[in-house]
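Listed below are the residues making up each chain.
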Amino acid sequence: MAVITLSREMGSRGDDIARLVAARLGLRLVGREIINRAAKEAGAPEVALAEIDELGLLGVKPSATALRLYREKVAAVIHELAAAGNALLLGRGGQVILAERPDVLHVRIIAPRAMRLTQVQTVCRVSAEVAAARIDASDAARAGYLKRHFGVRGDEPHLYDLVVNMAHLDVPTAVDLVCLAAARLDSIHLTSDQGSQPQEAEGSECR
């Protein structure tokens, strides 16, 4: 019944990692479906357009009421998906919405800016200037979403159980790390459910 939330920077290979983790663990990969369902249930399709349009090309400006209803529906959809289990949730503040659930693994994928620029240039076949503009717009949109709806910054480490910096890692290694963390988390909660107490580690933070 694994549930993982995954936050990623544009150009960090986060989408590739999410897809491969979901395939290995047999999880349902959920991304824009969260946006579309929430917007539909809120009766605010313009919010879906605004949220998908990270680069701000459409200029859609939903009302405050529409945004509030959308935020409530996003939370409801994410809680529903987490309750069903076996899901990897991409973005949409899942790390905040499900923060109180100890059985959910929260992951963030980051990479140095130079690496991100190269990745966006290669995949999107654009110039360095265009790649930089897209990364800046994406970073601003994702940071704005979390600040606007949840009052947090996406790069706050305490929001995550695992932060993977791709500076010196390849995608298969990152996938291994996420899958290992998910397996260990499941093991911890299985042991807890069976009533066993974890052994105290040698050493102490107080010494």
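Residues numbered from 1 in each chain as written. Predicted model: local features only at pLDDT ≥ 70, side-chain atom pairs only at ≥ 80, totals over all residues. Heavy atoms only, no water.

Digging into the packing of helix 4 (residues 64-84) against helix 7 (residues 128-150)
In plain terms, the rule: The axes used here are C-alpha line fits, helices contributing only the stretch in contact, and every angle between their N-to-C directions lies in the interval 0 to 180 degrees. Per the convention used, a helix needs a DSSP run of H or I reaching at least four residues, while a strand needs a run of E reaching at least two, with both numbered from the N terminus. Just so you know how the angles are binned, under 35 degrees is roughly parallel, over 145 roughly antiparallel, 65 to 115 roughly perpendicular, and the rest oblique. Note on definitions: a residue-residue contact is assigned when non-hydrogen atoms from the two residues lie within 4.5 Å. Think of it as three bins: nonpolar holds Ala, Val, Leu, Ile, Met, Phe, Trp, Tyr, Cys and Pro, charged holds Asp, Glu, Lys and Arg, and polar takes everything else, Gly as well.
Axis separation between helix 4 and helix 7 bottoms out at 11 Å; the angle between their running directions is 95°. As judged from the angle between their axes, helix 4 and helix 7 are roughly perpendicular. On helix 7, the residues that touch Leu67, Tyr70, Arg71 and Val74 of helix 4 are Tyr145, Arg148 and His149. By residue class, the composition of the contact of helix 4 with helix 7 is four nonpolar, one polar and two charged.

Looking at helix 7
Under the convention used in this document: Multiplying one less than the number of residues by 1.5 Å gives the expected span of a helix.
Across its 23 residues, helix 7 extends 32 Å between first and last C-alpha, which sits within 8% of the 33 Å expected from 1.5 Å per residue. Positive phi appears at glycine 151, one or two residues downstream of helix 7, with a value of about 70°.

Points about the nonpolar core
Just so we agree on the cut-off: We define a nonpolar core as any set of buried Ala, Val, Leu, Ile, Met, Phe, Trp, Tyr and Cys residues linked to one another through side-chain atoms lying within 4.5 Å. Buried, partly exposed and exposed residues are distinguished by accessible area as a fraction of the type maximum, computed with a 1.4 Å probe on protein chains only: under 20%, between the cut-offs, and over 50%, respectively.
Among the nonpolar cores identified, the biggest contains 24 residues, and Ile4, Ile17, Val21, Leu88, Val107, Met166 and Val178 are the most heavily contacted of them. For this core, the elements supplying multiple residues, two or more each, are strand 1 (3-8), helix 1 (14-25), strand 3 (87-90), strand 4 (104-110), strand 5 (162-165) and helix 8 (171-193). In terms of residue count, helix 8 provides more of this core than any other element does, seven residues in total. Listed in part, the 21 residues of the second largest apolar core include Ile34, Ala39, Leu146 and Val152.

Re the sheet that holds strand 2 (residues 28-30)
What counts is decided by this rule: For two strands to be treated as a pair, DSSP must find at least two bridges joining them.
Taken together, five strands build an open sheet; the order of strands is 2-3-1-4-5 and the sheet is parallel. Two strands lie at the open edges of the sheet, namely strand 2 and strand 5, each paired on one side alone. For this sheet, the mean inter-axis angle between neighbouring strands, taken without regard to orientation, is 20°. Sheet analysis places strand 1 next to strand 3, joined by four bridges and oriented parallel. The partner of valine 3 across the bridge, within strand 3, is alanine 87. Lying on the sheet, helix 1 is in contact with strand 1, strand 2, strand 3 and strand 4; it crosses strand 1 at an angle near 165°.

Some words on the pattern of salt bridges
Definition in use: Whenever a carboxyl oxygen of Asp or Glu lies within 4 Å of a side-chain nitrogen of Lys or Arg, that contact is scored as a salt bridge.
Overall, the coordinates contain ten salt bridges when judged by the stated rule. In this structure, arginine 19 and aspartate 16 form a salt bridge, with 3.7 Å as the shortest nitrogen-oxygen distance. You can see arginine 19 and its partner aspartate 16 sitting in helix 1, three residues apart, about one turn around the helix. Its relative accessible area of 44% is what places arginine 19 among the partly exposed residues. A salt bridge links arginine 101 to aspartate 103; the nearest nitrogen and oxygen atoms lie 2.7 Å apart. We classify aspartate 103 as partly exposed; its relative accessible area is 29%. In this structure, a network of salt bridges that share partners links the residues Glu9, Arg108, Arg116 and Asp139.

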